[in-house]
Each structure stands twice: as structure tokens, then as C-alpha cells.
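Examination of the molecular architecture
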Amino acid sequence: MNKKIITQFILFFIILLFTSLFYFKYFLKIQEKSFQLEEVVSSLNLDVNSSNIIENIKYISEDNLGNKYIIKAKYGEILDEDSDLILMKNVDALIISDNREEIIISASSATYNIINYDTNFKKNIIIKYAEHKIICDSTDLLFNDHKIKLYDNISYNNLNTDILADIIEINLLTKDLKIYMNNQNKKIQVIHKSNANN
């Protein structure tokens, strides 16, 4: 009889151990993310005239590869037609990778998806990283695809080159640029600046 009770206790503790490990590995992380989101929301100042307007909004996201995405805006409005989308004004975003240069994005406005973190930037967009500077009218940050797509009135320049093109894509994993035109018959305009030291 004692062997049977001891075996039951051992099985009970093994099940309890696995249940605890499972809880701490999966559910605790979800609660931590939820707590961080609650902390961000509680630190926001709401406009008394509209419950959909949020001042000084900030979201921090991180993917499974360790890339961190921080987006801040002076104002945000939760859209009535889709509560997963926030329309932001006076936006600054920062993409941080462990082994790569930071990417800084500034824009007049953006639509941020709080579920998949994708962001559509509009108007007066300036993107900077390393020696690169890109100005355009529209940009899509596709967080899960690890890509930034820039389009509409693109002007790219670095230390000694200016480029005018229709579309530029930045791979967030490698930071490689892909530059091309919508119409294959049109050519990308490249202007090489002479270096004053040469």
C-alpha cells in the first residue's frame, strides 16, 4: 500500500512540475506583455473632449529576432471603424537591431496597427540610418515581413550619391536596399556628387 501512495505522490509532483514549467514558459510572458501595455496606456493623457484622442502615445514592440520597434506620437486617435488601428500625428519611430545601425523614421502622420505592428507613414517622411537619408511621401513598415517599403516622391541620398526612384525597399534583417521603378521602361536617376577632398 505504501508503494502505491508513494507512486501517486511522485506522479502528482511530476504533473505539478510540468504544469508549473508550462505556465512560467508561456503564460507568464503573455501577462508581462499585457502589463507593459497597461503601463503604457495608464501613462497616457486622454483629451477630455474625446475619449478616442490620446496625447503623447508610445508603443514598444519586439520581434522574435530581438529587433525592437519604438513608435511615438504627439497625438493618437483610435479609429471608430477599426479599433486595432491608431491614427497618429507628429510621429517618430525607431528600429533597433543588435548588429545593425538604427533606423529613424519621422513623419507628419501614421496609421499604426496594434495587433501586427504594421505602420503606414504619410506626409513629410524622413528616414535616416547610417549615412543614408531618404525623403518620401508614403512608407509602409511591414513588421512581420521585416521590410520597409517607401514610395511616392522618393529622394535618396548618402555621402556622394543622390537617387530619384519610384520604390525603395529596406530589408530590416540585412539593411539591404532594393531600388526600382514602377514602369520598367523608366530608369532610376542617379546623381553622383563629386567629393570636395578629391
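Residues numbered from 1 in each chain as written. Predicted model: local features only at pLDDT ≥ 70, side-chain atom pairs only at ≥ 80, totals over all residues. Heavy atoms only, no water.

A count of helices and strands for the protein chain gives one helix and eleven strands. In the protein chain, the succession of helices and strands from N to C terminus is α-β-β-β-β-β-β-β-β-β-β-β. Expressed as a percentage of the 198 residues in the protein chain, the buried residues total 29%. Summing over all exposed atoms, the protein chain offers an accessible surface of approximately 13400 Å²; the carbon and sulfur share of this is 53%. (Helix = DSSP H or I, 4+ residues; strand = E, 2+ residues; numbered from the N terminus. Buried < 20%, exposed > 50% of the residue type's maximum accessible area, 1.4 Å probe, protein only. Areas by Shrake-Rupley, 256 points an atom, 1.4 Å probe, with all protein chains shown as cover.)

Once that is clear, we can look at the environment of Tyr75. Among the secondary structure elements, Tyr75 is positioned in strand β3 (residues 68-78). As a C-alpha pair, Tyr75 and Ile57 span 18 residues in sequence and 6.5 Å in three-dimensional space. Here Tyr75 is in contact with Ile54, Glu55, Ile57, Leu87, Met88 and Lys89, once residues within four sequence places are set aside. (Contact = heavy atoms within 4.5 Å.)

With that settled, the discussion passes to the packing of aromatic side chains. As enumerated under the stated definition, the model contains four aromatic pairs in all. Residues Tyr69 and Phe143 carry aromatic rings whose centres are separated by 5.8 Å and whose planes lie at 35° to one another, so their mutual orientation is tilted. You can see Tyr69 sitting in strand β3 and its partner Phe143 sitting in the loop between β7 (132-142) and β8 (147-157), a full 74 residues away along the chain. An aromatic cluster of three or more residues is present, and its members are Tyr59, Tyr69, Tyr112, Tyr117 and Phe143. (Phe/Tyr/Trp six-rings, centres within 6.5 Å; stacked < 30°, edge-to-face > 60°.)

Moving on, we come to the side chain of Glu169. When you line up the elements, Glu169 lands in strand β9 (residues 161-171). Despite its burial, Glu169 remains without a salt bridge, the nearest opposite charge being carried by Lys147 at 4.0 Å. A polar contact of 2.7 Å, which involves the side chain of Glu169, links it to the side chain of Tyr180. If sequence neighbours within four positions are ignored, Glu169 has contacts with Lys147, Ile148, Lys149, Asp176, Leu177, Lys178 and Tyr180. (Lys, Arg positive; Asp, Glu negative; His and termini not counted. Salt bridge = Lys/Arg side-chain N within 4 Å of Asp/Glu carboxyl O. Polar contact = N/O pair within 3.5 Å; in protein donor to acceptor, adjacent residues only side chain to side chain.)

On to the environment of Asp152, then. Along the chain, Asp152 turns up in strand β8. Its relative accessible area of 38% is what places Asp152 among the partly exposed residues. For the pair Asp152 and Lys123, spaced 29 residues apart in the sequence, the C-alpha separation amounts to 9.8 Å. The residues touching Asp152, leaving out its near neighbours within four places in the chain, are Cys136, Asp137, Ser138 and Asp166.

For the rest of this paragraph, the subject is the side chain of Thr161. Checked against the element boundaries, Thr161 lands in strand β9. Side-chain polar atoms of Thr161 contact the side chain of Asn160, separated by 3.2 Å. Not counting the four nearest positions on each side in its chain, Thr161 is found in contact with Tyr156, Val190, Ile191, His192 and Lys193.

On to a nonpolar patch on the surface. The grouping of Ile6, Ile10, Leu11, Ile14, Leu17, Phe18 and Leu21 at the surface amounts to a nonpolar patch, some 700 Å² of accessible area in total. Among the secondary structure elements, Ile14 is positioned in helix α1 (residues 2-42). (Patch = residues over 30% accessible without salt bridge, like charges linked within 9 Å, V, L, I, M, F, W, Y side chains within 5 Å.)

Moving on, we get to the environment of Asn99. Among the secondary structure elements, Asn99 is positioned in the loop between β4 (85-96) and β5 (103-113). The exposure class of Asn99 is exposed, given its relative accessible area of 73%. With 74 residues separating them along the chain, Asn99 and Leu173 place their C-alpha atoms 9.4 Å apart.

All right, on to the confidence of the model for the protein chain then. The predicted model of the protein chain averages 78 in pLDDT, with 82% of residues at 70 or higher. Low confidence marks residues 30-49, where pLDDT is under 50. Its contacts with residues over four positions away, or in another chain, come to 14 contacts. (pLDDT = per-residue confidence, 0-100.)

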